[in-house]
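Below, each chain spelled out in residue letters.
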Amino acid sequence: MLSVLRVHLPSDIPIVGCELTPYVLLRRPDKALSTEDVPESAPSDGHFLRYKWYRIQSDKKVAVCSVHPSEQATLQCLGCVKAKIPVAKSYHCSPKCFSDAWQHHRALHDRAASAVSENGNEEEELFGRFNSSGSGVVNTASSGSFSSSTLTNGSVPLYPHTVTQRSGGVTWIEVGRSKTYTPSADDIGHVLKFECVVVDAETKLLVGHVNTILTSCVIPAPSPSPRRLIPVSGVDMMGNVDSDDRVSSGTFTVLSYNILADVYASSEFYSYCPSWALSWQYRRQNLLREIVGYRADIVCLQEVQSDHFEEFFAPELDKHGYEALYKKKTIEVYGGNINTIDGCATFFRRDRFSNVKKYEVEFNKAAQSLTEALVPSTQKKAALNRLVKDNVALIAVLEAKFSNQGGDNLGKRQLLCVANTHINVPQDLKDVKLWQVHTLLKGLEKIAASADIPMLVCGDFNSVPGSEHKCSAPHSLLAMGKVDPLHPDLLVDPLGILRPPSKLAHQLLLVSAYSSFARMGAGPGLEQQKRRLDSTTNEPLFTNCTRDFIGTLDYIFYTADSLTVESLLELLDEDSLRKDTALPSPEWSSDHIALLAEFRCKPRPRR
């Protein structure tokens, strides 16, 4: 007979907007163990599983801290109430908590005031616009019972709640009848109960005991201070991250973001991040909310697991109008489950671009060709062991569906080449890292030679900027177009792949987008952003921030002869991340920060 052996939840703290799917271990009639569902529509040996979710609601409302959501609130910010900020954001667990979070909290007040003055809809501006059919939705309605009899959670309609028990001021309210449940704002501060029981398919009678789990109190999903686009000219006021005005202006935005693959997000490496905030079920919703909120025309993501691309990001971003391209890392040197291989994903808005051509760069194949040509046969195995590091790059040639409105460009196709890569090589193999970046740039040079086309090079290069010999050679090659022959990174080159040093050059005229902040004069927001740049490199002080490392690894490079930077997404500082934390955190779900730049194509000269 079918029986339930074990039931548990992947996370002990439920969060608003994040699916809860219990792990249910079964013993089937043939004694085999299974975790597959047995619904009423497909019973096993005359039995199926029935699920129910309940909210355990006390007459005494419990508020939770907006900064430390596992703690009970002891004070409330009345300024939030006056500004009509969602009430969950107003609670704090102690005066110190409120004081430490003030810089972050004040941004909510400023943003609310700005949003009201702009369009009166502060909630939409504060927390982003979400398609109600997507799983990125977070319900920010005030607490109370559902009024609609057709509201759904999971796949089963929720009809008027059944009060199963009321005792000592406690009420159990049925809120779901499927295996998966997504907590809503109504659940904040309440314990949930999950029930699983075997049912006889013919008699509908319960078989065996009812398996139950009680969660801790549901907490609201933390949200970071919103980041805004800042014009680098300093002429206009700071703008919303919104694409509507760009359709007519002929500009476009590009986002680059290493989202931290789940396979790398272990509690061992990120012990400072709460387990519930490190869980993939939470992080994927928080990442989606952030990515969608930027409303970029082109999105370059790194460390996207192949299963997460197919099952989550591609379908979810499709709902928001994005077409998807993907290249996973090569599998020759990767062990384990193929689904845990990550790669690069590029998305673009269908209403703004169409895909002309896709190139896939596999550095492993380039390594094999190189060793065949340069390395003696007796050293080929050792050479491949050094060079084969599984990294890839994804290059997309896109055609714009909008015009720069320039008279010289009427009737001409506007193409754009976008490269997306993650150069992940151990620090002791600096020759391999530089060789991979050089290989990518030579490939882009070939594309540039075949067409008059602007270029963007986005990604996590795991290479820090610096002045003279203090920067990494890959950054020097990208930003300066060459590497000094005396650069210390060239000292270790056992395979001779970097010789002669004069070959380490390219002609693409690449410039780092974020260096535009340093080149501009005074203006709204610019001085603050300049303080968040390294004065010697004109790059952000950091794009990666953990307990063990803080520095810049991520870049958006562009060809300055064909593109101009119009605006940039504001940089974070350590106050924005809060004093006592590193990344990932409950607010920011990657150890990297997203970079976003708005570009305009320069008019092409007449020929």
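Conventions adopted
- Residues numbered from 1 in each chain as written.
- Predicted model: local features only at pLDDT ≥ 70, side-chain atom pairs only at ≥ 80, totals over all residues.
- Heavy atoms only, no water.
- Helix = DSSP H or I, 4+ residues; strand = E, 2+ residues; numbered from the N terminus.
- Buried < 20%, exposed > 50% of the residue type's maximum accessible area, 1.4 Å probe, protein only.
- Contact = heavy atoms within 4.5 Å.
- Areas by Shrake-Rupley, 256 points an atom, 1.4 Å probe, with all protein chains shown as cover.
- Pairing = 2+ DSSP bridges.
- Axes fitted to C-alpha atoms, helices over the stretch in contact; angles between N-to-C directions.
- Phe/Tyr/Trp six-rings, centres within 6.5 Å; stacked < 30°, edge-to-face > 60°.
- Core = buried A, V, L, I, M, F, W, Y, C linked by side-chain atoms within 4.5 Å.
- Arc of directions from axis to C-beta.
- Polar contact = N/O pair within 3.5 Å; in protein donor to acceptor, adjacent residues only side chain to side chain.
- Parallel < 35°, antiparallel > 145°, perpendicular 65-115°, else oblique.
- Left-handed = near helix turned anticlockwise from the far one by under 90°.
- Nonpolar A, V, L, I, M, F, W, Y, C, P; charged D, E, K, R; others polar.
- Salt bridge = Lys/Arg side-chain N within 4 Å of Asp/Glu carboxyl O.
- pLDDT = per-residue confidence, 0-100.

What about the overall build of the chain?
Helix and strand content of the chain: 14 helices and 27 strands. Split into buried and exposed, the 607 residues of the chain put 54% on the buried side. A fraction of 72% describes how many contacts in the chain between residues 6 or more apart in sequence connect residues 24 or more apart. About 26,600 Å² of surface is accessible on the chain, with carbon and sulfur atoms providing 52% of the total.

A word on the sheet that holds strand β20 (residues 415-422)
Pairing within the open sheet is mixed, and its 6 strands lie in the order β18-β19-β20-β21-β25-β22. Strands with a single pairing partner mark the edges of an open sheet, and in this sheet they are β18 (353-362) and β22 (510-512). Each strand axis lies, on average, 20 degrees off the axis of its neighbour in the sheet, ignoring direction. With 6 bridges joining them, β20 and strand β21 (residues 455-460) adopt parallel strand pairing. Residue pairing in the sheet places V418 in a bridge with L456 of β21. Packed on one face of the sheet, helix α9 (residues 363-374) meets β18, β19 (392-400) and β20 and runs near 45 degrees to β18. Across the face of the sheet, helix α11 (residues 430-450) comes into contact with β18, β19, β20, β21 and β22 while running at roughly 160 degrees to β21.

As for the packing of aromatic side chains
Under the criterion given, the structure shown has 18 aromatic pairs. Considering the side-chain rings of W280 and F313, the 6.1 Å spacing of their centres and the 65 degrees angle between planes classify their relative orientation as edge-to-face. Placement of the pair is W280 in helix α7 (residues 280-294) and F313 in helix α8 (residues 306-319), with a sequence separation of 33 residues. Taken individually, W280 and F313 each receive the classification buried, so the pair is uniform in this respect. Here a set of aromatic residues connected by ring pairs shows up, and it is made of F252, F353, F402, Y558 and F599.

A few points about the nonpolar core
In terms of nonpolar packing, the biggest core is built from 67 residues, with F252, I298, L456 and F599 touching the most fellow members. Among the elements that make up this core, the one with the highest residue count is α7 (6 residues). Not counting chain neighbours up to four residues away, the residues in contact with L456 comprise F252, V254, L416, C417, V418, A419, I556, F557, Y558, L563 and F599. Formed by 39 residues, the second largest nonpolar core is a distinct cluster that contains V425, L429, L444 and L510.

Some details on helix α10 (residues 380-387)
Turning to α10, its buried residues number three or more, namely K380, A383, R386 and L387. For α10, the buried positions fall inside an angular range of 125 degrees around the axis, keeping them on one side. Exposed residues on α10 whose side chains face more than 90 degrees from its buried face are K381, A382 and N385. Along its buried surface, α10 packs onto α9 and α11.

A few points about the side chain of D297
The residue D297 is located in the loop between α7 and β15 (298-305) in this model. A polar contact of 2.9 Å, which involves the side chain of D297, links it to the backbone nitrogen of T253. Of the polar contacts made by the side chain of D297, one reaches the side chain of R352; its length is 3.1 Å.

Section: the sheet that holds strand β3 (residues 33-34)
What the 3 strands build is an open sheet, ordered β1-β2-β3; its pairing is antiparallel. The open sheet has two edge strands with one neighbour each: β1 (3-8) and β3. Relative to β3, strand β2 (residues 23-27) runs antiparallel, the two being bridged by 2 bridges. When the bridges of β3 are listed, R27 appears paired with L33.

With respect to the pairing of strand β11 (residues 191-200)
Buried residues dominate β11, accounting for 9 of its 10 residues. For strand β4 (residues 47-58) and β11, the ladder comprises 10 bridges, and the chain directions are antiparallel. Looking across to β11, one finds that H47 is bridged to D200. Where β11 lies against strand β12 (residues 206-217), 7 bridges are found, and the strand directions are antiparallel. The partner of C196 across the bridge, within β12, is N211.

Quick look at the pairing of β21
Of all 6 residues in β21, 6 are buried, a share of seventy percent or more. Side chains M455, V457 and G459 of β21 all project onto a buried face; the interleaved residues L456, C458 and D460 project onto the opposite face, where all are buried too. Here β21 pairs with strand β25 (residues 554-559) via 5 bridges, running antiparallel. Of the residues in β25, the one forming a bridge with G459 is Y555.

Some remarks on unusual backbone geometry
Here R499 and P500 are connected by a cis peptide whose omega angle stands at -5 degrees. Note that P500 resides in the loop between α12 (473-480) and β22. Although it is not a glycine, D45 adopts a positive phi angle of roughly 55 degrees. Tracing the chain through its elements places D45 in the loop between β3 and β4.

Looking at the packing of α11 against α12
One way to put it is that α11 packs onto α12 with a least axis distance of 8 Å and a crossing angle of 20 degrees. In terms of their interaxial angle, α11 and α12 are classed as roughly parallel. At the point where α11 passes α12, the crossing takes the right-handed sense. Across the interface between the two elements, K433, L434, V437, H438 and L441 of α11 pack against A473, P474, L477 and L478 of α12. Of the residues in the contact of α11 with α12, the class split is 7 nonpolar, 1 polar and 1 charged.

A word on the pattern of salt bridges
One pass over the structure, following the stated rule, counts 23 salt bridges. Its salt-bridge partner being K319, residue E316 comes within 3.2 Å of it at the nearest N-O pair. With a gap of 3 residues between them, E316 and K319 both fall in helix α8, about one helical turn apart. Judged by relative accessible area, which is 36%, K319 ranks as partly exposed. The partner of D342 in a salt bridge is K329, and the shortest N-O contact between them spans 3.6 Å.

Some words on the confidence of the model for the chain
Per-residue pLDDT for the chain has a mean of 85; in total, 83% of the residues score no lower than 70. Counting contacts from residues 118-152, a segment whose pLDDT is below 50, to residues more than four positions away or on other chains yields 75 contacts. Note on residues 155-161: pLDDT under 50 across the span, and 21 contacts to partners over four residues away in sequence or across chains.

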